[in-house]
Amino acid sequence: ARARRLVDELGREGLALPRGGEVETDIVYFALPEESRVSVEELCRRLEGEHGVKIGGGYARPGEAGVNYIRAVTHMDVDDEGIDRAVQGIVKLVHGR
């Protein structure tokens, strides 16, 4: 449920979601929009340092050259507040709001 919520929120904010945002596990992949204010590397670094949210970047799907996906895992230690913090931090860093 938390992975689904994260995907829904990121999709509403214009982040690219592979497979149309389908959620099968607690792992969520997304990509930055073209107009992002930060790079994947900067997002990962700043999101952890400024918001306490750890994500990983640099993932690619077969057949999708040039797409640099970011991975977030909504494991059992991630609560609703953690999802809120992740979404707020990503939106702030990507869109500046």
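Whatever comes next refers back to the structure up there.
Residues numbered from 1 in each chain as written. Predicted model: local features only at pLDDT ≥ 70, side-chain atom pairs only at ≥ 80, totals over all residues. Heavy atoms only, no water.

A short note on the overall build of the protein
From N to C terminus, the protein includes 3 helices and 3 strands. A compact globule built from 97 residues should have a C-alpha radius of gyration of about 13 Å, and the protein, at 12 Å, falls within 12% of that. In terms of its C-alpha atoms, the protein occupies a principal-axis envelope of roughly 35 × 30 × 20 Å. In the protein, buried positions account for 37% of the 97 residues. Relative to all contacts within the protein whose residues are 6 or more apart in sequence, the contacts with residues 24 or more apart total 58%. Only carbon and sulfur atoms are counted for the fraction: they give 46% of the accessible area of the protein, which is about 5,700 Å². Looking at the protein, you have 14 positive and 18 negative side-chain charges, and the mean spots of the two groups are 2 Å apart. (Helix = DSSP H or I, 4+ residues; strand = E, 2+ residues; numbered from the N terminus. Rg over C-alpha atoms; globule rule 2.2 N^0.38 Å. Buried < 20%, exposed > 50% of the residue type's maximum accessible area, 1.4 Å probe, protein only. Contact = heavy atoms within 4.5 Å. Areas by Shrake-Rupley, 256 points an atom, 1.4 Å probe, with all protein chains shown as cover. Lys, Arg positive; Asp, Glu negative; His and termini not counted. Charge placed at Lys NZ, Arg CZ, Asp CG, Glu CD.)

Here's the deal with the environment of Leu47
Within the secondary structure layout, Leu47 lies in helix α2 (residues 40-51). The sequence separation of Leu47 and Ile90 amounts to 43 residues, and the corresponding C-alpha distance is 7.0 Å.

Quick notes on the sheet that holds strand β1 (residues 27-30)
Strand order in the open sheet formed by 3 strands is β1-β3-β2, and the pairing between neighbours is antiparallel. Whereas interior strands pair on both sides, the edge strands pair on one side only; in this sheet they are β1 and β2 (56-59). Strand-to-strand twist in this sheet, taken as the mean axis angle between neighbours without regard to direction, amounts to 35°. Pairing analysis gives 3 bridges linking β2 to strand β3 (residues 69-73), with the strands arranged antiparallel. Looking across to β3, one finds that Tyr59 is bridged to Tyr69. Along the sheet, α2 contacts β1, β2 and β3; its crossing angle with β2, the most-contacted strand, is approximately 160°. (Pairing = 2+ DSSP bridges. Axes fitted to C-alpha atoms, helices over the stretch in contact; angles between N-to-C directions.)

A word on the layout of surface pockets
If you add up the space inside the largest pocket, you get close to 260 Å³. Looking at the largest pocket, it is lined by 16 residues, and the ones nearest its centre are Val53, Lys54, Val73, His75 and Val78. Secondary-structure elements contributing two or more residues to the lining of the largest pocket are β3 and α3 (80-95). Looking at the lining of the largest pocket element by element, the count peaks at 5 residues for α3. Residues that form the lining of the largest pocket fall into these classes: 9 nonpolar, 4 polar and 3 charged. (1 Å grid on protein atoms, 1.4 Å probe; cavity = no way out; pocket = protein on both sides within 12 Å on 5 of 7 lines; lining within 4 Å. Points joined across faces, edges and corners; volume = space filled by probe spheres on them. Nonpolar A, V, L, I, M, F, W, Y, C, P; charged D, E, K, R; others polar.)

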